Protein chains: 2
Amino acid sequence: MRKVGIVGIGHTVFGNLSEFDLVDIMSFASADALDDAGIRKERKIVDQVFVANVGAGMLNHQTAIASSLVSRIDLEPAMAETVENGPASGASALKCGYTAIAAGLADVVMVTGGEVMRAVTGWKATDFVATLLHPEAEYNYGLTLPAFAAMFTRLYMERYGLTEEELAMVAVKDHDNGIKNPYAHVPYTCTLEGIYGSSDAQVVNNLIADPLRLYNMCPVSDGAASLILCALDSAKMKHFKKKPPVVIRGIGAATDTHCIHHREDPLELKAVRLSAERAYKMAGLGPKDISFAELHDAFVILELAISEEVGFFKKGKSRDAVVQGLTRIGGKLPINTSGGLKAKGHPLGATGVSQVFELVKQLRGEAEEGRQVGNPIHGMAVNFGGFGNNVVTTICSKE
Amino acid sequence: MRKVGIVGIGHTVFGNLSEFDLVDIMSFASADALDDAGIRKERKIVDQVFVANVGAGMLNHQTAIASSLVSRIDLEPAMAETVENGPASGASALKCGYTAIAAGLADVVMVTGGEVMRAVTGWKATDFVATLLHPEAEYNYGLTLPAFAAMFTRLYMERYGLTEEELAMVAVKDHDNGIKNPYAHVPYTCTLEGIYGSSDAQVVNNLIADPLRLYNMCPVSDGAASLILCALDSAKMKHFKKKPPVVIRGIGAATDTHCIHHREDPLELKAVRLSAERAYKMAGLGPKDISFAELHDAFVILELAISEEVGFFKKGKSRDAVVQGLTRIGGKLPINTSGGLKAKGHPLGATGVSQVFELVKQLRGEAEEGRQVGNPIHGMAVNFGGFGNNVVTTICSKE
């Protein structure tokens, strides 16, 4: 199979970007990626664009945004499609981009993910995300993603003895990283004392869905991120001399039952495990080879659970790693060096692309001061769709 | 590149299916395709599912339908993504399915397109489709697809002298074909006299957007269609002994400016021409090799214009072919043997898949009585997104 390199990256700040429309912010990240790749002028060498987005129709009353983006940044007649896979749309679009190159249908592909979610707020944002669930067996009963995450967290706490304070330590670590990331939506530190120590904190750290509090979940964000891929054997690689390519070494995807009540053990995230196994297999690597990882912590419990399913830690033991600081920058296996979804934000379609953007930053040694992992070789990103229905794992490496 | 065969096909009736939800009808077509392929029991050999859909979020308040479909028909842990490219979503999903196999990431792929559009009716259906347009430069000025098609038709009439009666002859032909198609939404014949000849007809054939009348455009339909693909070199081909595979010989896609006013000549459909050129090139074929074609006649003028852009007829001359009956079944180059979007219907996400379903029916010699083309070798489908913004052409052949 052809080797595919990431040769350009772009990102908007995540947060409230409501003064822009969806295609605006996708064009900002895309233009950034073209600049980073050094091909703004020769941009017509892009053969194919994949856009990752979930809510354009519902939230922004717009469809066919792949064509719109292509036209906005003057890439016609490049082929263009939008890929949707809930919160894992970004990694799915990257998978399609990788595939188009591997198949020889394209040499240069742009993958841009974006979402303008804050077009709706409060319960409407929660309702939007709940459209991922089964419309009759789950949605109609008022189930939401925070509700599922709360039940999952409670079960995990009961089975493994995880405490609320240990859970909050994941958020503390993520914010410590996020404050150093110029793109983060919530760029400030928090402390365990701040979260739990005062009566003020109890107000800020509101209970959302018992046992989940505000600091156990990600914000509702707008934002976009973009990647440029090129076949390493393509003559077009001559355009990408600016920076060494980061190689996509493994991509694995898998689905699990749409309804969580159909799973034998609701704490088992089979699609995470299988997607990682598939990515490891393609890469010829195992969990011990991974230098750092971006794991989909839409709820902080997921950082723990995913880190176990992909084989970094034994079941129930990831909290020890957090307590010991192993997953902090400077630790043995830094996780969510970007701040994660928790501190960086989670514009659905952008997230999977943004995770790989972070892998590239780290592998290039370009992360901001205090965020750079020491000499990373292989980075892994897990992009988690639905409540584990559809998961995509990507492994990127230095060439 | 690996050769890819279509080994199973499924289709629901197109029409008003409002008693079912979107994933219901997609599961019907998918189950049909699994049965046709003879793998209902061994269905877990499907590695990847691509769903084509545009309006699930807006119209059906549901997202992540690829995961939902996979789970509904018990295909976990197959990989799954939804592909959206406006009215060309179906062919785009097929393109992604073809690519996944060509790249070696999958051996067996299911491509299912579906739409429940009649969840909205009247102006809301027109408004839904108008979300394909530019949100500021077009949509905000009240422009709709019928409005664009009307301007396009008027310009074509002025430039080439096409008459309203000649245009209506396309609809008459399409309905003659559609009445023999058990899946057609509007399965009855119409005559020029019926359309124009009486005062009753003038009422039925209402003016929608001058010069377009009701019989110049497709209905708003619900429906789904499904295809199963397999690499011809895969060991899994042993499961598909029931029927000889139809080969996907060429796929080409291209974009044009999102806004029509940015085109030098609004009658030129560059993306149609380029997508066809790319498909011909991959297939090693030219227009003269094509035995029959499904062309995206959401507005009947498009059947004429597309048939010229892909090289079947000279500019302005396709109407002569219609008048002479060359594009009827039994003619030299039958077009829209299924009834086309005009008579069969146009559930956005399903259409591109349904077009290729028809290619397979014809190439297998399985079309219903009176619809079968004599000994076809190569069939072509053109799936037209936006108003020519994003077009995908597929060429299928007997093995």
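Calculation criteria
The residue count restarts for each chain, going from 1 along the sequence in the order it is written. Note on labels: chains are lettered from A, ligands numbered from 1, in written order. Owing to the predicted nature of the model, reporting of local features is limited to residues with pLDDT of at least 70; listing and counting of side-chain atom pairs is limited to 80 or more, with chain, interface and lining totals taken over all residues. The basis for every side-chain value is the complete set of heavy atoms in the structure, and neither hydrogens nor water enter the calculation. Runs of E in the DSSP output that reach at least two residues are strands. Runs of H or I that reach at least four are helices, and both are numbered from the N terminus. With C-alpha atoms as the basis for the radius of gyration, the globule rule is written as 2.2 Å multiplied by the number of residues raised to the power 0.38. Throughout, exposure labels follow a simple rule: accessible area from a 1.4 Å probe, protein chains only, divided by the maximum for the residue type, with under 20% read as buried, over 50% as exposed, and the rest as partly exposed. Contacts are residue-level and defined by heavy atoms, with any inter-residue pair within 4.5 Å sufficient. Using the Shrake-Rupley algorithm and a 1.4 Å probe, accessible areas are obtained, with residue cover drawn only from the displayed protein chains. Under the convention used here, Asp and Glu are negative, Lys and Arg are positive, and both His and the chain ends fall outside the count. A charge is said to be at NZ when it belongs to Lys, at CZ for Arg, at CG for Asp and at CD for Glu. Working definition: a ring pair exists when centres of Phe, Tyr or Trp rings (six-membered ring for Trp) sit within 6.5 Å. Plane angles under 30 degrees give stacked, over 60 give edge-to-face, the rest tilted. Lines fitted to the C-alpha atoms define the axes, with helices restricted to the stretch that makes contact. Angles between their N-to-C directions range from 0 to 180 degrees. Geometric relationships in this document are graded by angle, where less than 35 degrees denotes roughly parallel, more than 145 denotes roughly antiparallel, 65 to 115 denotes roughly perpendicular, and other angles denote oblique. All residues other than Ala, Val, Leu, Ile, Met, Phe, Trp, Tyr, Cys, Pro, Asp, Glu, Lys and Arg, Gly among them, are scored as polar; the first ten of these are nonpolar and the last four charged. Handedness of a crossing is defined here by the sense of rotation of the near helix relative to the far one, left-handed for an anticlockwise turn of less than a right angle and right-handed for a clockwise turn. Overlaid copies result from least-squares superposition on C-alpha atoms, with residues included only where pLDDT is at least 70 in both. A quick way to say it: buried area is the sum, across both parts, of accessible area lost when two parts are put together, with a 1.4 Å probe. Every case where a carboxyl oxygen of Asp or Glu lies within 4 Å of a side-chain nitrogen of Lys or Arg is listed as a salt bridge. Whenever two N or O atoms come within 3.5 Å, that pair is a polar contact, provided that in protein one can donate a hydrogen and the other can accept it, and provided that, for residues adjacent in sequence, both atoms are side-chain atoms. Exposure above 30% relative accessible area and no salt bridge define the residues that can form patches, which grow by joining like charges within 9 Å and nonpolar side chains of Val, Leu, Ile, Met, Phe, Trp and Tyr within 5 Å. What pLDDT conveys is the predictor's confidence in a given residue, as a value from 0 to 100. Expected helix span is computed as 1.5 Å times (number of residues minus one). For this quantity, the arc is that covered by the directions from the helix axis to the C-beta atoms. Two strands are said to pair when DSSP picks up at least two bridges between them.

(A) Structural detail: the overall build of chain A. A tally of regular secondary structure across chain A gives 14 helices and 11 strands. A compact globule built from 399 residues should have a C-alpha radius of gyration of about 21 Å, and chain A, at 20 Å, falls within 12% of that. Projected onto the principal axes, the alpha-carbon positions of chain A cover approximately 60 × 45 × 40 Å. Scored against the burial criterion, the 399 residues of chain A give a buried share of 69%. Counting contacts in chain A only where the partners sit at least 6 residues apart, residues at least 24 apart contribute 75% of the total. Carbon and sulfur atoms make up 52% of the accessible area of chain A, which amounts to about 12800 Å² in all. Separation of charge centres in chain A, based on 39 positive and 45 negative side chains, amounts to 6 Å.

(B) Seen up close, the packing of aromatic side chains. All names here are of chain A. Scanning the entire structure with this criterion turns up 14 aromatic pairs over all chains. A ring pair is formed by Phe152 and Phe387, whose centres lie 5.5 Å apart and whose planes are at 65 degrees; its orientation type is edge-to-face. Here Phe387 lies in the loop between β10 (378–385) and β11 (390–398) and Phe152 lies in helix α6 (residues 145–160), a separation of 235 residues in the sequence. No difference in accessibility class separates Phe152 from Phe387, as the two residues are buried. Through pairs of rings, three or more aromatic residues link up here, namely Phe148, Phe152, Phe384 and Phe387.

(C) Just the packing of helix α7 (residues 164–178) of chain B against helix α11 (residues 300–309) of chain B, in detail. Residues and elements named next belong to chain B. Interhelical geometry of α7 versus α11 gives an angle of 95 degrees and a closest axis separation of 8 Å. On the basis of the axis angle, α7 is roughly perpendicular to α11. Within the contact between the two elements, α7 uses Leu167, Val170, Ala171, Lys173 and Asp174 and α11 uses Val300, Ile301, Glu303 and Leu304. Across the contact of α7 with α11, the residue classes break down as six nonpolar, no polar and three charged.

(D) Region of interest: the packing of helix α1 (residues 22–37) of chain A against helix α3 (residues 65–72) of chain A. All names here are of chain A. Look at α1 against α3: their axes get within 10 Å of each other, and the N-to-C directions meet at 55 degrees. Classed by the angle they form, the pair α1 and α3 counts as oblique. By crossing handedness, the relation of α1 to α3 is classed as right-handed. Between α1 and α3, the contacting residues are Leu22, Val23, Asp24, Met26, Ser27 and Ser30 on the first element and Ile65, Ser68, Leu69 and Arg72 on the second. Classifying every residue of the contact of α1 with α3 gives five nonpolar, three polar and two charged.

(E) How the structure looks around the relation of the copies chain B and chain A. Least-squares fitting of chain B to chain A yields an RMSD of 0.0 Å, with the superposition described by an axial translation of 0.0 Å and a rotation of 180 degrees. Given the turn and translation reported, the copies of this chain are related as if by a two-fold rotation axis. Considering only C-alpha atoms, the part of chain B nearest the rotation axis is Ala103 of chain B, at 1.9 Å. A share of 100% of the interface residues of chain B reappears at the interface of chain A, consistent with the copies meeting face to face through the same patch.

(F) Here's a closer look at the interface of chain B and chain A. On the side of chain A, 57 residues touch chain B, which itself brings 57 residues to the contact. Buried area between chain B and chain A, summed over both chains or domains, comes out near 4400 Å², and the portion from carbon and sulfur atoms is 56%. The interface formed by chain B and chain A includes two salt bridges. Close ionic contact of Lys95 of chain A with Glu81 of chain B constitutes a salt bridge, the shortest N to O distance being 2.7 Å. Across the contact surface, chain B and chain A share 30 residue pairs in polar contact (both at pLDDT 80 or more). Listed by contribution, the elements that provide at least two residues to the side of chain B that touches chain A are β2 (48–52), α2 (56–60), α3 (65–72), β3 (79–84), α4 (89–102), β8 (246–255), α10 (270–283) and β11 (390–398) of chain B. Among the elements that take part in the side of chain B that touches chain A, α4 of chain B stands out by supplying seven residues, more than any other.

(G) Inspection of a positive patch on the surface at higher detail. All names here are of chain A. A cluster of basic residues, Lys288, Lys314, Lys317 and Lys332, forms a positive patch at the surface. On the secondary structure map, Lys288 appears in the loop between α10 (270–283) and β9 (292–295). A relative accessible area of 84% places Lys288 in the exposed class.

(H) Summary view of the confidence of the model for chain A. Averaged over chain A, the pLDDT score is 95; the fraction of residues at 70 or greater is 98%. For this predicted complex, the interface confidence reaches an ipTM of 0.97, while the overall pTM sits at 0.98.

(I) Summary view of the side chain of Glu294 of chain B. Residues and elements named next belong to chain B. With respect to the secondary-structure elements, Glu294 resides in strand β9 (residues 292–295). Despite its burial, Glu294 remains without a salt bridge, the nearest opposite charge being carried by Lys344 at 4.2 Å. In this structure, Glu294 is in contact with Asn336, Thr337, Ser338, Lys344, Gln355, Glu358, Leu359, Met380, Ala381 and Val382, ignoring residues within four places of it in sequence.

(J) Main features of α10 of chain A. Residue and element names in this part refer to chain A. In this model, α10 (14 residues) spans 20 Å end to end at C-alpha, consistent with the 20 Å of a helix rising 1.5 Å per residue. For α10, the complete set of buried residues consists of Ala271, Val272, Ser275, Ala276, Ala279, Tyr280 and Ala283. Axial view of α10: buried residues confined to an arc of 165 degrees, hence all on one face. Close packing links the buried residues of α10 with β8 (246–255), α11 (300–309), β10 and β11.

(K) Inspection of the pattern of salt bridges at higher detail. For the structure on display, the rule yields 56 salt bridges over all chains. The salt bridge involving Lys243 of chain B is made with Asp36 of chain B; its shortest N-O contact spans 2.7 Å. With Lys243 of chain B in the loop between β7 (222–231) and β8 and Asp36 of chain B in helix α1 (residues 22–37), the pair connects residues that are 207 residues apart, well separated along the chain. Take Asp36 of chain B: its relative accessible area is 12%, and that puts it in the buried class. Across the pair Arg328 of chain B and Asp176 of chain B runs a salt bridge whose closest N-O atoms are separated by 2.3 Å. Placement of the pair is Arg328 of chain B in the loop between α12 (318–323) and α13 (340–344) and Asp176 of chain B in helix α7, with a sequence separation of 152 residues. Each of the salt bridges in this network shares a partner with another, and the network as a whole consists of Asp36, Lys243, Arg364 and Glu366 of chain A.

(L) Quick peek at the pairing of strand β4 (residues 108–116) of chain B. Residue and element names in this part refer to chain B. Summarising burial for β4: nine of the nine residues are buried, a large majority. With five bridges connecting them, β2 and β4 associate as parallel partners. Residue pairing in the sheet places Val51 in a bridge with Thr112 of β4. Alignment of β4 against β7, held across nine bridges, turns out to be antiparallel. What sits directly across from Thr112, in β7, is Ser226.

(M) Fine view of the side chain of Ser67 of chain B. Among the secondary structure elements, Ser67 of chain B is positioned in helix α3. Separated by 3.0 Å, the side chains of Ser67 of chain B and Asn390 of chain A make a polar contact. Excluding residues that lie within four positions of it along the chain, Ser67 of chain B makes contacts with Asn85, His258, Asn389 and Asn390 of chain A together with Ala80 of chain B.

(N) Structural context of the pairing of strand β3 (residues 79–84) of chain A. Of all six residues making up β3 of chain A, six are buried, and the element is well covered by its neighbours. Residues of β3 of chain A alternate between two faces, with Met79, Glu81 and Val83 of chain A on one and Ala80, Thr82 and Glu84 of chain A on the opposite face, all of them buried. The pairing of strand β2 (residues 48–52) of chain A with β3 of chain A spans five bridges and is parallel. Along β3 of chain A, the bridge assignment pairs Gln48 of chain A with Met79 of chain A. Note: β3 of chain A against β3 of chain B, three bridges, orientation antiparallel. In the sheet register, Glu84 of chain A faces β3 of chain B, and the bridge partner there is Thr82 of chain B.

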